[in-house]
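Okay, here's what each chain looks like letter by letter:
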Amino acid sequence: MENILITLCARGGSKGIPGKNIKSIAGKPLIAYSLLLAIEFQKKHPSTLIYLSTDSSEIKDVVDNLCLAEVNTNYVRPEYLANDTAGKLDVIIDVKRFAEEQNHLKFDFVMDLDITSPLRNLDDLENALTNLKNNVDALNIFSVSPAGRNPYFNMVELNEEGFAELCKKGTFLTRQSAPAVYDMNASFYIFKNEFFLQDPKPKLMQKAIILKVPHLCFDLDEPIDFEFMNFLIQNNKLNFDFIK
């Protein structure tokens, strides 16, 4: 049976939406939606452990008060990984190390559920894990959505002379004929253990594959995003089965 670690990384500070990781949305703290899905996944994969990674005692208290025995809150994120310059991979690597030492085991897969992009379900996670297992060359998989704009057709940048030109060169006359591009919706990432053994330091886009989620999925960056998602959840407007 494969050992799987689910990480939920929640830093205390937030510029766009203060306290967004634990802000109430449709009657629950935002973090609860990711925790509940992690527990549903654990029911199908009993060798799964769930770990919270945070530097915030307030976030830890909220999670503890949810009384979810399946969630381990013993890890405290160190200060050097609790600032704006710390990358997600460094945070995941550190909590993975802690969980492996605490449980005296090695994880075959690490799954990170981004708290601020909770529009996902069990089918998404199962499909992504299966796809990653079936691709012997891939080291990790992450979720994407079809992009609203295409750099080959209707995205521009300024050149050295200050004039606008397409970001990607091509002669495509329609968006449909241009190569497909995707938005990273930040909902989930799954890594094989081999991913973390790369030398030099692991890179997200090295031998990575994608799972295009077949439903609405977006990250909470601005206050208006939060209001929009709150409306969708509260009024059952989502176009897929969502754990509430």
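Higher on the page you've got the structure.
Residues numbered from 1 in each chain as written. Predicted model: local features only at pLDDT ≥ 70, side-chain atom pairs only at ≥ 80, totals over all residues. Heavy atoms only, no water.

Draft legend 1. Local environment of the side chain of Lys-96. With respect to the element layout, Lys-96 can be found in helix α3 (residues 88-103). Owing to a relative accessible area of 9%, Lys-96 belongs among the buried residues under this scheme. Apart from residues no more than four positions distant in its own chain, Lys-96 is found in contact with Leu-5, Phe-107, Val-110, Asn-193 and Phe-196. (Helix = DSSP H or I, 4+ residues; strand = E, 2+ residues; numbered from the N terminus. Buried < 20%, exposed > 50% of the residue type's maximum accessible area, 1.4 Å probe, protein only. Contact = heavy atoms within 4.5 Å.)

Draft legend 2. Representation of the nonpolar core. The biggest cluster of nonpolar side chains holds 48 residues, and the ones touching the most others in it are Ile-6, Ile-31, Phe-41, Phe-188 and Ile-190. For this core, the leading source of residues is helix α1 (residues 30-44), giving 8 residues. When near neighbours in sequence (up to four residues on either side) are disregarded, Ile-31 contacts Ala-10, Asn-21, Ile-22, Leu-52, Ile-59, Val-63 and Ile-115. Counting 20 residues, the second-largest nonpolar core is a separate cluster that includes Leu-89, Ile-92, Ala-99 and Phe-142. (Core = buried A, V, L, I, M, F, W, Y, C linked by side-chain atoms within 4.5 Å.)

Draft legend 3. How the structure looks around the pattern of salt bridges. Using the criterion set out here, one finds 12 salt bridges in the structure. One salt bridge in this structure joins Asp-114 and Lys-88, with 3.6 Å as the shortest N-O distance. One end of the pair, Asp-114, is in the loop between β6 (109-113) and α4 (122-134); the other, Lys-88, is in helix α3, with 26 residues separating them in the sequence. Overall, the relative accessible area of 31% leaves Lys-88 in the partly exposed class. Connected via shared salt-bridge partners are Lys-88, Asp-112 and Asp-114. (Salt bridge = Lys/Arg side-chain N within 4 Å of Asp/Glu carboxyl O.)

Draft legend 4. Here's a closer look at the environment of Val-156. Here Val-156 shows up in strand β8 (residues 156-158). Sequence separation between Val-156 and Leu-122 is 34 residues; the distance between their C-alpha atoms is 37 Å. Residues within four places of Val-156 in sequence aside, it is in contact with Ala-164, Glu-165, Leu-166 and Cys-167.

Draft legend 5. Highlighting the packing of aromatic side chains. Under the definition given, this model contains 11 aromatic pairs. Plain terms: the ring middles of Phe-195 and Phe-196 are 5.2 Å apart, the flat faces sit at 85 degrees to each other, and that makes the pair edge-to-face. The class for Phe-195 is buried, based on a relative accessible area of 0%. Linked through ring pairs, Phe-142, Tyr-189, Phe-191, Phe-195 and Phe-196 together constitute an aromatic cluster. Sitting above the plane of the Phe-226 ring, Lys-23 keeps its charged end 5.2 Å from the centroid. (Phe/Tyr/Trp six-rings, centres within 6.5 Å; stacked < 30°, edge-to-face > 60°. Lys NZ or Arg CZ within 6 Å of the ring centre and 35° of its normal.)

Draft legend 6. Up close: the sheet that holds strand β5 (residues 71-72). The strand order β5-β4-β1-β6-β10-β7-β11 describes an open sheet built from 7 strands, whose pairing is mixed. Across the chains shown, the open sheet's two edge strands, defined by having one partner strand only, are β5 and β11 (208-212). As paired strands, strand β7 (residues 140-146) and strand β10 (residues 182-192) are joined by 6 bridges and run antiparallel to one another. Note on β10: the bridge partner recorded for Pro-146 is Tyr-182. In the packing of α1 onto the sheet, the strands contacted are β1 (4-10), β4 (48-54), β5 and β6, and the crossing angle to β4 comes to about 160 degrees. Relative to β10, α4 is tilted by about 60 degrees, and along the sheet it contacts β1, β6, β7, β10 and β11. (Pairing = 2+ DSSP bridges. Axes fitted to C-alpha atoms, helices over the stretch in contact; angles between N-to-C directions.)

Draft legend 7. Quick look at unusual backbone geometry. Even without being a glycine, Ala-186 presents a positive backbone phi close to 65 degrees. Overall, the relative accessible area of 12% leaves Ala-186 in the buried class. A positive phi angle is found at Lys-207, which is not glycine, with a value near 60 degrees. With respect to the helices, strands and loops of the structure, Lys-207 is situated in the loop between β10 and β11.

Draft legend 8. Layout of the environment of Lys-88. Through-space distance from the C-alpha of Lys-88 to that of Leu-166 is 30 Å; in sequence the pair is 78 residues apart. Apart from residues lying up to four places away in sequence, Lys-88 is in contact with Asp-112, Asp-114 and Tyr-189. Side chain to side chain, Lys-88 and Asp-112 meet in a polar contact 2.8 Å long. (Polar contact = N/O pair within 3.5 Å; in protein donor to acceptor, adjacent residues only side chain to side chain.)

Draft legend 9. Structural view of the pairing of β6. Within β6, 5 of the 5 residues are buried, leaving the element largely enclosed by the surrounding structure. Burial along β6 is two-sided: Phe-109, Met-111 and Leu-113 and Val-110 and Asp-112, pointing in opposite directions, are all buried. Across 4 bridges, the pairing between β1 and β6 is parallel. Residue pairing for β6: Thr-7 is matched across the bridge by Asp-112. Of the pairings in the sheet, the one linking β6 to β10 comprises 5 bridges and is antiparallel in character. Looking at the pairing, Leu-113 lines up with Phe-188 of β10.

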